[in-house]
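# Inside the fold
Each chain, letter by letter, is given below.
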Amino acid sequence: MPSTTNDTAAGAPPPPMGRRERKKAATRKAIADAALRLFLERGYDEVGIREIADAADVSTTTLFKHFPVKEALVFDEDADQEARLLAAVRERPEGRSIPAALREHALTMRLVTTDSDPDFTAFTELVTGTPALRDYHQNMWLRHTAALARVIAEESGLAAGDPACTALAHFALEAPRAAAAHDDPRQAVTRAFDLLENGWNALPRPSA
């Protein structure tokens, strides 16, 4: 999946991978790259699994070890996406609220803009134009709800499992899809997060 930001998260660099891990990562990337190239050339529904495996020079068994379903071939950076999502909250500038940080993440990472990278634009158009990918993509984001809710609780001094944190996480992840049908999705996302900000600020906070 193309990214609009540097893939290296802030902070200490990860430990170097061993030879086996590097080989697995290279195979996974080769499969994902082949799949995306074919999907962009001919359309998601017109490309079969065996064709992708042949293009990546792997067996279909190997392909399914890395990607259990066809839709997953398009979203090979799920773990990285979650890391960037959580970092948006943990590493937000001083004085920036959690809803504001999540709004910036949504506007930057999930919506195409006029200055978006062409690869990201093509990827987004593939996803939004393919019902199976569109649904899988949104469900993928919603899988991050629990992790995001935990970070929101940590950053807010609220109890783990606080329903307000879960609600904010869910609606922050849902907002870009709700905004997609509007004539101006960026304005719609901004207005949705204004609502979340107002509700979040009205919550009682634990005493120091």
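From a predicted model like this one, the values you see are computed outputs, not experimental measurements. (Residues numbered from 1 in each chain as written. Predicted model: local features only at pLDDT ≥ 70, side-chain atom pairs only at ≥ 80, totals over all residues. Heavy atoms only, no water.)

### Comments concerning the overall build of the protein chain
Along its length, the protein chain carries ten helices and zero strands. Within the protein chain, the fraction of its 208 residues that count as buried is 40%. In the protein chain, once contacts between residues fewer than 6 apart in sequence are set aside, the share between residues at least 24 apart is 69%. Accessible surface, the protein chain as shown: approximately 11800 Å² in total, 52% of it carbon and sulfur. (Helix = DSSP H or I, 4+ residues; strand = E, 2+ residues; numbered from the N terminus. Buried < 20%, exposed > 50% of the residue type's maximum accessible area, 1.4 Å probe, protein only. Contact = heavy atoms within 4.5 Å. Areas by Shrake-Rupley, 256 points an atom, 1.4 Å probe, with all protein chains shown as cover.)

### Comments concerning unusual backbone geometry
Most peptide bonds take the trans configuration, and most residues that are not glycine carry a negative phi. Look at aspartate 57: it is not a glycine, yet its phi comes out positive at around 60 degrees. Secondary-structure assignment places aspartate 57 in the loop between helix 2 (49–56) and helix 3 (60–66). Residue class for aspartate 57 comes out exposed when judged on its relative accessible area of 70%.

### Examining the environment of arginine 205
Looking at the secondary structure, you find arginine 205 in the segment after helix 10 (185–201). Sequence separation between arginine 205 and leucine 158 is 47 residues, and the spatial gap between their C-alpha atoms is 7.7 Å.

### A look at the nonpolar core
Ranked by size, the top nonpolar core spans 54 residues in total, and within it Phe39, Ile52, Leu73, Leu102, Leu148 and Ile152 carry the most contacts. If you tally residues by element for this core, the top one is helix 9 (residues 163–179), at eight residues. (Core = buried A, V, L, I, M, F, W, Y, C linked by side-chain atoms within 4.5 Å.)

### Some thoughts on helix 7 (residues 131–142)
If you check helix 7, its first and last C-alpha atoms are 17 Å apart, about what twelve residues at 1.5 Å a residue would give, namely 16 Å. Buried within helix 7 are the following residues: Leu133, His137, Gln138, Met140 and Trp141. Each buried residue of helix 7 sits inside an arc of 155 degrees when the element is viewed along its axis, so together they form one side. Elements that come into contact with the buried residues of helix 7 comprise helix 4 (78–90), helix 5 (98–109), helix 6 (118–128), helix 8 (145–156) and helix 9. (Expected span 1.5 Å × (residues − 1). Arc of directions from axis to C-beta.)

### A word on the pattern of salt bridges
Under the defined criterion, the tally for this structure stands at seven salt bridges. A salt bridge links arginine 90 to glutamate 154; the nearest nitrogen and oxygen atoms lie 4.0 Å apart. A residue pair is termed long-range when its members are at least 10 positions apart, and arginine 90 in helix 4 and glutamate 154 in helix 8 qualify at 64 residues. Aspartate 194 is the salt-bridge partner of arginine 103, the closest N and O atoms lying 3.6 Å from each other. With a gap of 91 residues between them, arginine 103 in helix 5 and aspartate 194 in helix 10 connect regions that are remote in the sequence. (Salt bridge = Lys/Arg side-chain N within 4 Å of Asp/Glu carboxyl O.)

### Here's the deal with the confidence of the model for the protein chain
Across the protein chain, pLDDT averages 87, with 89% of residues at or above 70. Least confident of the elements in the protein chain is helix 6, whose mean pLDDT is 85; most confident is helix 2, at 97. The low-confidence segment residues 4–11 (pLDDT under 50) makes ten contacts with residues lying over four places distant or belonging to another chain. (pLDDT = per-residue confidence, 0-100.)

### Some thoughts on helix 8
Its twelve residues place the ends of helix 8 16 Å apart at the C-alpha level, agreeing with the 16 Å of an ideal helix rising 1.5 Å per residue. Taken residue by residue, helix 8 has Thr145, Ala147, Leu148, Ala149, Val151, Ile152, Ala153 and Ser156 as its buried positions. On the buried face of helix 8, the contacting elements are helix 4, helix 5, helix 7, helix 9 and helix 10. Directly beyond the C-terminal end of helix 8, a positive phi value near 70 degrees is found at glycine 157.

### Here's the deal with the packing of aromatic side chains
In the structure shown here, the tally under the stated rule is three aromatic pairs. Between phenylalanine 75 and tyrosine 136, the aromatic rings sit 5.6 Å apart at their centres with planes inclined by 15 degrees, giving stacked as the arrangement. Of this pair, phenylalanine 75 sits in the loop between helix 3 and helix 4 while tyrosine 136 sits in helix 7, and the two are 61 residues apart along the sequence. Since its relative accessible area comes to 21%, tyrosine 136 is described here as partly exposed. Among the aromatic side chains, those forming a connected cluster through ring pairs are Phe75, Phe123 and Tyr136. Positioned above the aromatic ring of tyrosine 44, the side-chain terminus of lysine 70 is 4.2 Å from the ring centre. (Phe/Tyr/Trp six-rings, centres within 6.5 Å; stacked < 30°, edge-to-face > 60°. Lys NZ or Arg CZ within 6 Å of the ring centre and 35° of its normal.)

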